[in-house]
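# Observations on chain architecture
Residue-level listing of the chains:
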Amino acid sequence: MLGKVILEEAFALPRLEEKTKWWAGLFSTDAERHTKEIQDLTDIRLKYAHHYGVGYTVLSYTAPGVQDIFDPKEAQALAVEINDYVAEQIKPFPDRLGAFATLSMHNPQEAADELKRTVEKYGFKGALVNDTQRAGADGEDYVFYDQPEWDIFWQTLVELDVPLYLHPRNPTGIVFEKLWKDRQWLIGPPLSFAVGVSLHALGMVTNGVFDRHPKAQVILGHLGEHIPFDMWRINHWFEDRKKKLGLDCKKTIREYFNENFWVTTSGHFSTTTLNFVKDQVSADRILFSVDYPFETFEDGCNWFDNAEMNTGDRLKIGRENAKGLLKLGDY
Ligand code: GRE
């Protein structure tokens, strides 16, 4: 299929190559290739895009990124540097490349202001954050964006009419020590990423973020970070037990997924799973994505283009849903 849109596509700053190599060492069997590809924002990836029928790519800063920086001033300076850098890089290709803002999530007003600046000045399509913000003098605090003090951020997101992509990051500090240290092969795609993001996303639901901001839109990668597979059970417990015990969410988990969440195929190229997710959250809320360079265009695009599905769903998932959500017009 031509003109596909992809939106979980990572880049990194060349000046932070040491950190990129450390991350690549955890997740890539070819750290050289990974580092070269992730630091290239235009040439290599536009060649792949052309070859595999991708029309528009939304770039975002790789995990753990600014969410790993527990000094608030340093985090804010890095976010601004990254946003200015990617804006400059993609400027010559407005009909092929866009970006999600990188945000320091230490302070809700500051995050809202940087989101507004980048959407208004650079035309960014929303923001992508890597799960919780590390904070505190020793990096042992974890800022969740599901508390009422984050309302100003959600309000700004809604006013700008852009989505927030909630992307995973690695467990750190005490969480790493106590839960994951002796189970390191489960860090990342096999388990820890989905555990972190699903906790955070369901925290937003149960803490009323979408009751207070019914128009807020959150994107989850990797076919929904396990939540669609547990939809029946979550719904059963929220509706039949927890609400009777005082949970005051206004709607059901299925309604929040129909009104506030989007799910991408990033790094999850299984037709069986896609069909299940379509059944649970509908093809109107699924967006094709690759997860480059952690995954390849070849694997993602060849899978999607050959997966059995009706033409209407292929067009929606492959590009039309994204064009609507991100207001891409005729890119
Ligand atoms: C990602 O950022 O999506 C990612 C990683 C590391 C491994 C796999 C993956 O950062 O999808």
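Described in the following lines is the structure provided in the data block. (Residues numbered from 1 in each chain as written. Predicted model: local features only at pLDDT ≥ 70, side-chain atom pairs only at ≥ 80, totals over all residues. Heavy atoms only, no water.)

### Details of the packing of aromatic side chains
We describe a pair of aromatic rings using the distance from one ring centre to the other and the angle between the two ring planes. With the rule as written, the count across this model stands at 21 aromatic pairs. Aromatic pair Phe229 and Phe276: ring centres 5.7 Å apart, planes at 20°, arrangement stacked. Linking Phe229 in the loop between β8 (218-220) and α10 (231-242) with Phe276 in helix α12 (residues 271-281), this pair joins segments that are 47 residues apart in sequence. Aromatic ring contacts, followed pair by pair, group Tyr145, Trp150, Phe153, Trp154, Phe210, Tyr256, Phe257 and Phe261 into a single cluster. Here Arg241 stacks its cationic end above the ring of Trp237, 4.6 Å away from the centre of that ring. Across from the ring centre of Phe304, 6.0 Å away, lies the NZ or CZ of Arg314, which sits over that ring. (Phe/Tyr/Trp six-rings, centres within 6.5 Å; stacked < 30°, edge-to-face > 60°. Helix = DSSP H or I, 4+ residues; strand = E, 2+ residues; numbered from the N terminus. Lys NZ or Arg CZ within 6 Å of the ring centre and 35° of its normal.)

### A closer look at the side chain of Thr20
Along the chain, the position of Thr20 falls in helix α1 (residues 17-27). Those residues in contact with Thr20 that sit more than four places away from it in its chain are Ala12, Thr35, Ile38 and Gln39. (Contact = heavy atoms within 4.5 Å.)

### Comments concerning the sheet that holds strand β2 (residues 54-61)
On the basis of which strands lie adjacent, the open sheet formed by three strands has the order β1-β2-β3 and parallel pairing. At either end of the open sheet lies a strand with only one pairing partner, and these are β1 (4-11) and β3 (97-99). Strand after strand, the sheet turns through a mean of 30° between neighbouring axes, direction not considered. Judged from the six bridges that link them, β1 and β2 form a sheet pairing that is parallel. Its bridge partner being in β2, Ile6 is matched across the sheet by Thr57. In the packing of helix α13 (residues 297-306) onto the sheet, contacts are made with β1 and β2, and the angle to β1 comes to roughly 160°. (Pairing = 2+ DSSP bridges. Axes fitted to C-alpha atoms, helices over the stretch in contact; angles between N-to-C directions.)

### Examining the packing of helix α3 (residues 43-52) against α13
Between α3 and α13, the shortest axis-to-axis distance is 10 Å and the interhelical angle comes to 20°. On the basis of their axis angle, the class for α3 and α13 is roughly parallel. Here α3 and α13 pass one another in a crossing that is right-handed. In contact with Arg45, Tyr48, Ala49 and Tyr52 of α3, α13 contributes Phe297, Glu298, Cys301, Asn302 and Asp305. Its residues placed into classes, the contact of α3 with α13 shows five nonpolar, one polar and three charged. (Parallel < 35°, antiparallel > 145°, perpendicular 65-115°, else oblique. Left-handed = near helix turned anticlockwise from the far one by under 90°. Nonpolar A, V, L, I, M, F, W, Y, C, P; charged D, E, K, R; others polar.)

### Structural notes on the site of the ligand
Around the ligand, the neighbouring residues are Glu8, Trp23, Phe27, His167, Pro189, Phe193, His222, Asp291 and Phe294. Between the ligand and Asp291 there is a distance of 2.7 Å, counted from an oxygen atom to a side-chain nitrogen or oxygen. Isolated, the ligand exposes 280 Å² of accessible area, and the fraction of that covered by the protein chains is 94%. The residue inventory of the shell around the ligand, partitioned by class, reads five nonpolar, two polar and two charged. (Near = heavy atom within 4 Å. Polar contact = N/O pair within 3.5 Å; in protein donor to acceptor, adjacent residues only side chain to side chain. Areas by Shrake-Rupley, 256 points an atom, 1.4 Å probe, with all protein chains shown as cover.)

### Here we look at unusual backbone geometry
Residue Pro64 is bonded to the preceding Ala63 through a cis peptide linkage, with omega at -10°. Tracing the backbone through its elements, the reader meets Pro64 in the loop between β2 and α4 (72-90). A cis amide bond links Tyr292 to the next residue, Pro293, at an omega of -5°. Following the sequence through the fold, Pro293 ends up in the loop between β10 (286-287) and α13. In the Ramachandran plot, His222 falls in the positive-phi region, its phi being about 55° despite a non-glycine side chain. Mapped onto the fold, His222 is located in the loop between β8 and α10. In this structure, Ser282 is a non-glycine residue whose phi angle is positive, near 80°.

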